[in-house]
There are 2 protein chains.
Amino acid sequence: MPTIKDVAKKAGVSISTASYALNNQSNVHPETKRKILAIAKELNYYPNASARNLKTKRTGNVGVFVYGFGGPVFSDVLEGIRQALQANDLNIIVSSGKASSTLLKERQIDGAIVFDGQLSDDTLLHYASFGHPLFVLDRILEGPNIYPSLIDNEGLVYRFIREMLEKGYRDFGYLSGPTIAFNNNHRYDGFKQALSEVGLPHTYIQGDFTIQSGYQAGIQLVHSKQIPRFIFCANDESAIGLIQALKENQIAIPDDVAVAGFDNIVLGSYVSPKLSTIGIDHIEWGKQVANALVDLLNDKTPDLQIPIGKIILRDST
Amino acid sequence: MPTIKDVAKKAGVSISTASYALNNQSNVHPETKRKILAIAKELNYYPNASARNLKTKRTGNVGVFVYGFGGPVFSDVLEGIRQALQANDLNIIVSSGKASSTLLKERQIDGAIVFDGQLSDDTLLHYASFGHPLFVLDRILEGPNIYPSLIDNEGLVYRFIREMLEKGYRDFGYLSGPTIAFNNNHRYDGFKQALSEVGLPHTYIQGDFTIQSGYQAGIQLVHSKQIPRFIFCANDESAIGLIQALKENQIAIPDDVAVAGFDNIVLGSYVSPKLSTIGIDHIEWGKQVANALVDLLNDKTPDLQIPIGKIILRDST
DNA sequence: TTGTACGCGTTATCAA
DNA sequence: TTGATAACGCGTACAA
């Protein structure tokens with residue numbers, strides 16, 4: 001594995017001159033520079049990141065920590081982040097589980113975007129306390145260098161339910177996500193708020209964001225013979241599972257039961273009936289967060305806005 | 001940010017003794033060790049990865065490089081990889097795009113798993129030539145330290161079509177994935193092989209693995225009024241889009257047109273009709289590959305098997 | 001059982 | 001415009 005030493009020796013210059021040339025410094029003779037670069041290419045030389053990072057205290061890496069790699073929401077947010085980072089010559093490093101905290105603690109990254117409710121507050125606070133910018137998505141955490149980015153889960157669901165109220169629905173159910181999920185709880189808050197304002201009760205059904213849990217909830221509901229006229233689901237995937245279960249039991253959507261979700265995943269337009277939902281532009285969200293992080297790394301003040309969501313009424317309501 | 005020097009000073013020992021204690025060496029007095037560890041904890045000390053890596057020439061990181069972060073297949077494979085690596089105290093680092101080749105070239109990882117047809121052969125060969133184990137999934141590449149892991153795309157589709165032939169189907173279509181996709185081409189090979197053996201022609205329809213492309217293909221087919229009796233789709237997602245389009249045009253599945261896919265994604269069981277498909281255990285696949293990589297990193301000879309696939313007949317055929 | 005000293009590959013300071 | 005050299009933080013061979 002060639003080092004800068006090999007390049008310097010072969011070019012007949014000192015290590016420092018080689019370094020200048022390779023880092024595109026202006027204080028090196030054009031001809032010398034040309035030669036050094038040519039030799040570097042010939043030898044297939046690339047700097048050793050560990051050595052460079054040790055010296056410069058920068059890694060050029062941004063960590064993105066997720067709870068799991070699955071799901072249409074994650075993948076879109078990640079894609080947005082990737083685009084923005086790549087445009088700024090930063091590497092995206094996605095990780096999950098124990099590796100996430102290792103990368104944080106051992107300073108392998110310049111900044112982080114956390115989309116994982118399982119990473120401990122302590123680890124996050126400790127990391128940020130050394131001056132590294134840290135964005136937390138859909139999670140609340142206060143501290144120096146910590147920037148939460150929240151979508152308006154509560155307000156959007158509130159507005160959605162209000163519209164349904166105006167349409168005349170009166171009998172509501174909520175199919176939840178995991179009770180520890182921040183976004184689920186805020187969506188539920190908005191749901192309850194809208195109903196309590198008009199003094200309506202509701203049915204609560206436990207789910208966990210997966211298609212499977214939605215399906216099972218539907219089967220249970222059918223057995224119980226107590227199906228709400230309108231079921232708001234904490235996300236699209238569970239809504240799709242729910243609809244499937246109801247349809248298999250000859251329940252017509254939306255004529256017998258109306259269903260809506262949250263996220264506006266692509267699949268929602270390719271099921272029957274097409275799913276009503278609440279949409280966030282996840283790619284855009286990822287881009288905005290990543291760009292704000294880049295600003296911070298460059299000592300600029302970031303411009304972080306709340307991503308705008310919209311209500312999308314299709315055929316399931 | 002505390003360094004080992006701070007720990008040593010506060011404990012009143014030399015740096016090397018601190019290092020021994022922190023690395024759990026046996027040659028340090030229990031009491032000294034206890035004290036050092038206590039102080040490290042108190043100071044919230046963690047080693048600087050760059051410094052350690054520079055010295056040991058190991059990073060403890062394994063790179064997983066994907067073309068995009070989306071898709072049910074990727075996420076399952078990644079989860080399998082994550083589990084296996086975490087069990088062996090290795091960090092999983094997932095990346096995509098330009099960052100992937102940077103991480104490879106600048107030696108930020110001990111080994112790599114590549115699931116990305118876009119990463120150049122050159123970069124891969126160069127990286128592996130320095131002794132780093134490199135696994136390529138669903139891609140062929142020969143060279144030292146390079147280990148391809150292929151699923152039997154061709155054989156599985158061949159067997160599937162043979163079964164459909166026995167069931168009596170005679171009029172076949174193939175809804176493809178991207179023509180540059182290795183797995184798509186092999187699936188198509190198996191498809192063609194089965195049909196050519198019995199002297200049957202087929203219709204070719206271009207797609208790109210997405211739900212949207214499947215849907216569009218369906219719409220086109222309906223307009224052309226030339227719909228094959230059986231359509232094999234290069235993956236499940238495009239099959240689901242296709243079915244949706246056909247259903248919207250009052251074409252009954254499987255009575256008018258039978259459809260099958262490949263991958264056995266969860267969603268396939270939650271659409272109507274339930275999708276017939278070919279299944280690989282993707283989590284298991286990821287685990288196997290990661291374990292083989294771990295073996296290689298520990299200078300053991302890996303035991304890498306071809307993941308077993310099975311034919312899953314549900315309601316769409 | 002503990003300490004001294006060197007070097008990993010790089011960047012950056014200073015002198016030439 | 002170039003070169004010698006220190007330093008980043010750590011692990012380890014060797015000496016004590």
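A quick note: this is a predicted structure, and the numbers were derived from the prediction, not measured.

## Considering the packing of aromatic side chains
Then comes step 1: Summed over the entire model, instances satisfying the criterion amount to 30 aromatic pairs over all chains.
Then comes step 2: Relative to Phe 191 of chain A, the ring of Phe 172 of chain A has its centre 6.4 Å away and its plane inclined at 75 degrees; by these criteria the two rings are edge-to-face. One end of the pair, Phe 172 of chain A, is in strand β6 (residues 172–175); the other, Phe 191 of chain A, is in helix α9 (residues 182–197), with 19 residues separating them in the sequence. Like Phe 172 of chain A, the residue Phe 191 of chain A is buried in the burial classification.
Then comes step 3: Linked through ring pairs, Phe 160, Tyr 169, Phe 172, Tyr 174, Tyr 188, Phe 191, Tyr 204, Phe 230 and Phe 232 of chain A together constitute an aromatic cluster.
Then comes step 4: Sitting over the ring of Phe 262 of chain B, Arg 187 of chain B keeps its end group 3.7 Å from the ring centre.

## Quick word on the protein's contact with DNA strand D
Then comes step 1: Around DNA strand D there are 25 residues in total, and Thr 17, His 29 and Thr 32 of chain A together with Ile 4 and Tyr 45 of chain B lie nearest to it.
Then comes step 2: The sugar-phosphate portion of DNA strand D accounts for 59% of its atoms within 4 Å of the protein, the bases making up the rest.
Then comes step 3: Within the side chain of Thr 17 of chain A, an N or O atom sits 2.7 Å from a phosphate oxygen of DNA strand D.
Then comes step 4: Here Tyr 20 of chain B contributes a side-chain N or O atom positioned 2.8 Å from a base nitrogen of DNA strand D.
Then comes step 5: The set of elements that each furnish at least two residues to the surface near DNA strand D consists of α2 (15–22) and α4 (49–56) of chain A together with α2 (15–22) and α4 (49–56) of chain B.
Then comes step 6: Broken down by element, the residue count for the surface near DNA strand D peaks at 4 residues, all from α4 of chain B.
Then comes step 7: Looking at side-chain class alone, the surface near DNA strand D contains 9 nonpolar, 12 polar and 4 charged residues.

## What to know about the sheet that holds strand β7 (residues 202–205) of chain A
Residues and elements named next belong to chain A.
Then comes step 1: Reading across the sheet, the 4 strands line up as β7-β6-β8-β9 and stay open at both edges, with parallel pairing between neighbours. Looking along the sheet, the strands with just one partner apiece sit at the ends: β7 and β9 (258–260). When the angles between neighbouring strand axes are averaged without regard to direction, this sheet yields 20 degrees.
Then comes step 2: Bridge count for β6 against β7 is 4 bridges, and the pairing is parallel. Paired with Gly 173 across the strands is Thr 203, a residue of β7.
Then comes step 3: Packing of helix α8 (residues 153–167) onto the sheet brings it into contact with β6, β8 (230–233) and β9, and relative to β8 it is tilted by some 170 degrees.
Then comes step 4: Most of the contacts of helix α11 (residues 236–248) go to β9, to which it runs at about 160 degrees, and overall it touches β6, β8 and β9.

## With respect to the domain arrangement of chain A
Then comes step 1: By domain assignment, chain A separates into domain 1 (4–56), domain 2 (61–149 + 282–307) and domain 3 (153–280).
Then comes step 2: For domain 1 of chain A versus domain 2 of chain A, the distance between C-alpha centres works out to 33 Å.

## Notes on the environment of Arg 159 of chain A
Then comes step 1: Looking at the element boundaries, Arg 159 of chain A is found in helix α8.
Then comes step 2: In this structure Arg 159 of chain A comes out as partly exposed when scored by relative accessible area, which is 43%.

## Some thoughts on the sheet that holds strand β8 (residues 230–233) of chain B
Residues and elements named next belong to chain B.
Then comes step 1: Spatially, β7-β6-β8-β9 is the arrangement adopted by the 4 strands of the open sheet, whose pairing is parallel. In this open sheet, the two edge strands, each paired with only one partner strand, are β7 (202–205) and β9 (258–260). Strand after strand, the sheet turns through a mean of 20 degrees between neighbouring axes, direction not considered.
Then comes step 2: Pairing analysis gives 3 bridges linking β8 to β9, with the strands arranged parallel. Looking across to β9, one finds that Phe 232 is bridged to Ala 260.
Then comes step 3: Along the sheet face, helix α11 (residues 236–248) touches β6 (172–175), β8 and β9 and points at about 160 degrees away from the line of β9.

## Points about the relation of the copies chain A and chain B
Then comes step 1: For the pair chain A and chain B, the superposition axis carries a translation of 0.0 Å, the fit reaches an RMSD of 0.0 Å, and the rotation angle comes to 180 degrees. What we have between these two chains is a two-fold relation.
Then comes step 2: A share of 100% of interface residues in chain A that are also interface residues in chain B marks the association as one of identical surfaces.

## Focus on the side chain of Ser 95 of chain A
Then comes step 1: Looking at the secondary structure, you find Ser 95 of chain A in strand β2 (residues 91–96).
Then comes step 2: On the accessibility criterion, Ser 95 of chain A (0% relative accessible area) is buried.
Then comes step 3: In terms of polar contacts, Ser 95 of chain A uses its side chain to reach the backbone carbonyl oxygen of Ile 92 of chain B, at 2.7 Å.
Then comes step 4: In this view, Ser 95 of chain A contacts Val 64, Phe 65, Val 66, Phe 69, Ser 100 and Leu 103 of chain A together with Ile 92 of chain B; residues no more than four positions away in its chain are not counted.

## Regarding the protein's contact with DNA strand C
Then comes step 1: Taken together, 27 residues sit near DNA strand C, with Ile 4 and Lys 55 of chain A together with Ser 16, Thr 32 and Lys 55 of chain B positioned nearest.
Then comes step 2: Of what DNA strand C places within 4 Å of the protein, 59% of the atoms are sugar or phosphate.
Then comes step 3: Between a base nitrogen of DNA strand C and a main-chain N or O atom of Ala 51 of chain A, the distance comes to 3.5 Å.
Then comes step 4: In the model, a phosphate oxygen of DNA strand C is placed 2.6 Å from a nitrogen or oxygen of the Thr 32 of chain B side chain.
Then comes step 5: The set of elements that each furnish at least two residues to the surface near DNA strand C consists of α2 and α4 of chain A together with α2 and α4 of chain B.
Then comes step 6: It is α4 of chain A that contributes the most residues to the surface near DNA strand C, 5 residues altogether.
Then comes step 7: When its residues are assigned to classes, the surface near DNA strand C shows 11 nonpolar, 12 polar and 4 charged.

## Digging into the pattern of salt bridges
Residue and element names in this part refer to chain A.
Then comes step 1: Considering all chains together, one arrives at 20 salt bridges over all chains under this definition.
Then comes step 2: Lys 192 serves as the salt-bridge partner of Asp 189, at 3.9 Å between the closest nitrogen and oxygen. Of the two residues, Asp 189 and Lys 192 are both situated in helix α9; the distance of 3 residues between them amounts to about one turn of the helix.
Then comes step 3: The partly exposed category is assigned to Asp 189, whose relative accessible area is 31%.

## As for the interface of chain A and chain B
Then comes step 1: At the interface, 51 residues of chain A touch 52 residues of chain B.
Then comes step 2: Summing the contributions of chain A and of chain B, the shared interface buries around 4900 Å²; its carbon and sulfur component is 58%.
Then comes step 3: Three residues stand out in chain A for area buried against chain B, namely Phe 69, Arg 107 and Tyr 270 of chain A, and they jointly supply 15% of the buried area on that side.
Then comes step 4: For the pair chain A and chain B, the interface holds 6 salt bridges.
Then comes step 5: Ionic pairing is found between Arg 52 of chain B and Glu 106 of chain A, a salt bridge with its closest N-O pair at 2.5 Å.
Then comes step 6: Of all the secondary structure elements, the ones that give two or more residues to the side of chain A that touches chain B are α4, α5 (72–87), β2, α6 (98–105), α10 (211–224) and α11 of chain A.
Then comes step 7: A per-class count over the side of chain A that touches chain B returns 22 nonpolar, 18 polar and 11 charged.

Conventions adopted
- Residues numbered from 1 in each chain as written.
- Chains lettered and ligands numbered in written order.
- Predicted model: local features only at pLDDT ≥ 70, side-chain atom pairs only at ≥ 80, totals over all residues.
- Heavy atoms only, no water.
- Phe/Tyr/Trp six-rings, centres within 6.5 Å; stacked < 30°, edge-to-face > 60°.
- Helix = DSSP H or I, 4+ residues; strand = E, 2+ residues; numbered from the N terminus.
- Buried < 20%, exposed > 50% of the residue type's maximum accessible area, 1.4 Å probe, protein only.
- Lys NZ or Arg CZ within 6 Å of the ring centre and 35° of its normal.
- Near = heavy atom within 4 Å.
- Polar contact = N/O pair within 3.5 Å; in protein donor to acceptor, adjacent residues only side chain to side chain.
- Nonpolar A, V, L, I, M, F, W, Y, C, P; charged D, E, K, R; others polar.
- Pairing = 2+ DSSP bridges.
- Axes fitted to C-alpha atoms, helices over the stretch in contact; angles between N-to-C directions.
- Contact = heavy atoms within 4.5 Å.
- Domains from an automatic or database assignment.
- Least-squares fit on C-alpha atoms with pLDDT ≥ 70 in both.
- Salt bridge = Lys/Arg side-chain N within 4 Å of Asp/Glu carboxyl O.
- Buried area = accessible area lost by both parts, 1.4 Å probe.

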